[in-house]
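Chain by chain, the residues run as shown.
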Amino acid sequence: MKKILSIILCLILIGSVSVTAFCASDEITVTADYQIYIGSDGELAAVADYLNKYIDKVCGFTLKVNTDSEMPDKAIAISVDESAKAGYTVTSDSENIFITGASLRNATDGVCGFLSKYGGVHYYTAYTIETGDSIKIPVNESYSYTPYFENTDTDWYSPCDVDYSLFNGISGSVYRKVPSKLGGGAEYISSFCHTFTSQFCNADKYFEEYPECFASVAGIRSKKELCLSNPKTLEIVTDEVFALLEEKHDPSAELQIISLTQADNLVFCTCPDCLLKYLKYQSISGMMIEFANTISNRVQEAGYDNVAIDTFAYMYTRSAPKNIVPDDGVIVRLCSLECCFSHPLNDKTCSANVNFGDDLRDWSKICDRLYVWDYTTNYCNFIGIFPDFDVLQKNMQFFSENNVKGVYEEGNYYATECDTEFNELRSYLIAKLMQNPYCDLEAERAAFLDAYYGEGGKYIGEFVDIISESASTEHMSIYSSMIDTCNLSCLQVKKCDDLWKKAEAAASGEELDHVKNSELAWRYWKYQNNESEYRNIFKRADTRAEFDNELAEKPLETYRECSDTKAFFLGIFQKLRFILEDIAYPILVLITIL
């Protein structure tokens, strides 16, 4: 009997060991005896060190970096395959992990993707970081990522941090400098925008000697814009472009961009030669494209294969031209300045967005490198709520589905001087959408709210839903007053007040500070609309003074970039663009011909 029991116990033990071995084979856990393998590719040393930095944060140890000719057992192998499509892959076998990028930067992206997906490393803000306590990946895993856009960027506060940008997939280098040893990023070697009359053919330098290079307005030359049909203008700008290339060109960079873009005003040339070009191309933008094409061709012919020329489709150049297309080396940045941001940009029922949607589709048919310059803040009220959350994903998907290759989301670039509202939430969601327009945005938002606001996050999520739904019933521009931003009933105002009280009661420590900081935007909206505690006409002066004093104690220096009055008149001038294009230009051209 004892012999039989012994046999049974042995079978049970063997079965347990078998089950344990089977379970272990389903998953690889990175342990201290693993090595990071880069072979003889010394270019990957910094990427290996970057991986080690976060392995230490997650696991509490670092790994040996192996540069031998043969890969060891139990390795995390990093490599570059330049023949692969842009992006990266993360694969595994029974004990090894392989991270392969199509470029050095893609290899770095692969490391960050690996750490995020399998190590729980998440940058919600530049200072709100979560990590797991181990790195585990399934056996025989095969995960790949292909970027939706070749260039993504934003000027919100946290995305200016290098680590935040790498972990959230921001590829541009305008507002943060990703080290070249990690692959760098798409780089403007000129100024970022509005370079005509400033960086190129500078008005102070050239106007007196060559006034014909500058815009003719009612027969008078103006320093505010260039005349692009004049051969001397082309000569000056071309020479300056090549001087810039001589100084700053990096042949190892993936992409370098030179911006040839109109000044930030409504001045354009109306000399006879320019007017004839507008007629030929049926849009002012045609002259801009002709100018950019000419310089781009000369740059490409000189062997600068990784350099692109960038120009605008902005205000009076927003409509796509006829009878000309941008060359492969030309990037067109289409700007959504005039649009409504409480409705999707492709909403054909929104009168403010119909023309932009048509413009984007028209450009996408003729331009292989179409970028969008989009807007995500209120320039008249940085401190106030800007409920554009319901349109962010729809807009990004619209871009992706219409051949857009790059996205720049302009935000509150005064955030360090006016960090209220939902600056960090919005910038995180934008980063995730630029990384993947089809991500589970609700899940990303929930994760952020929990990490940033703690237990108060769920109440703030409800508040965001209420103001977003309210905003969808009205039009909202980047210059809207707080009166036009939301249309809330008294019951909704009370509901929102209750949600903020619950959020404050639930949060603690740093999360409570975040709740109170964001609530300022809600209180500012009530202040501007005489709602809630500001409704009582007899107490209003005192409650307003109390809020003003509280704001004065905060590090809030820049509340707005322009006044509501200025924005009103700017909006009128912007609408004149359509009248001018549809009526005035053909008449002026005919008069010129006759």
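Structure: see above.
Residues numbered from 1 in each chain as written. Predicted model: local features only at pLDDT ≥ 70, side-chain atom pairs only at ≥ 80, totals over all residues. Heavy atoms only, no water.

Trainee: How should I be thinking about the side chain of Asn 52 in this particular structure?
Mentor: Along the chain, Asn 52 turns up in helix H2 (residues 45–59). Note on Asn 52: relative accessible area 9%, which makes it buried. Among residues more than four places away in sequence, those in contact with Asn 52 are Ile 36, Thr 62, Leu 63 and Val 65. (Helix = DSSP H or I, 4+ residues; strand = E, 2+ residues; numbered from the N terminus. Buried < 20%, exposed > 50% of the residue type's maximum accessible area, 1.4 Å probe, protein only. Contact = heavy atoms within 4.5 Å.)

Trainee: Explain the sheet that holds strand S18 (residues 370–375) to me, please; I cannot follow it from the model alone.
Mentor: Paired through backbone hydrogen bonds, the strands of a sheet run either parallel or antiparallel to each other. In spatial order, the strands read S11-S19-S18-S17-S16-S15-S12; together these seven strands make up an open sheet with parallel pairing. A single partner strand is all that each edge strand has here, and the edge strands are strand S11 (151–154) and strand S12 (187–188). In the sheet, S18 pairs with strand S19 (residues 404–410) via six bridges, with the strands oriented parallel. For Trp 373, the partnering residue across the bridge sits in S19 and is Tyr 408. (Pairing = 2+ DSSP bridges.)

Trainee: Teacher, can you tell me more about the pattern of salt bridges here?
Mentor: When the charged atoms of two side chains with opposite charge come close together, those side chains can pair. Inspection of every chain in the model, using the stated rule, returns 22 salt bridges. Of the charged contacts, one joins Asp 359 and Arg 318 as a salt bridge, the two residues approaching to 2.8 Å between their closest N and O atoms. You can see Asp 359 sitting in helix H9 (residues 354–366) and its partner Arg 318 sitting in the loop between strand S16 (307–313) and strand S17 (330–335), a full 41 residues away along the chain. Classification of Asp 359 as buried rests on a relative accessible area of 7%. A relative accessible area of 1% means that Arg 318 is categorised as buried. With a shortest N-O distance of 3.5 Å, Lys 458 and Glu 455 are connected by a salt bridge. A single salt-bridge network, built from bridges that share partners, covers Arg 318, Glu 338 and Asp 359. (Salt bridge = Lys/Arg side-chain N within 4 Å of Asp/Glu carboxyl O.)

Trainee: Would you explain the nonpolar core in this entry?
Mentor: Within soluble globular proteins, side chains that are nonpolar tend to cluster in buried spots. Counting residues in each nonpolar core, the largest one holds 175 residues, and the members touching the most others are Ile 78, Phe 114, Ile 258 and Phe 399. When sequence neighbours within four positions are dropped, the list of residues in contact with Ile 78 reads Ile 36, Tyr 37, Ile 38, Leu 44, Val 47, Ala 48, Leu 51, Ile 99, Ala 107 and Val 111. (Core = buried A, V, L, I, M, F, W, Y, C linked by side-chain atoms within 4.5 Å.)

Trainee: How should the side chain of Ser 285 be read in this particular structure?
Mentor: Relative to the assigned elements, Ser 285 resides in helix H8 (residues 285–301). Apart from residues no more than four positions distant in its own chain, Ser 285 is found in contact with Thr 317, Ser 319, Ala 320, Pro 321 and Trp 363.

Limitation: the analysis is restricted to geometry and does not speak to function.
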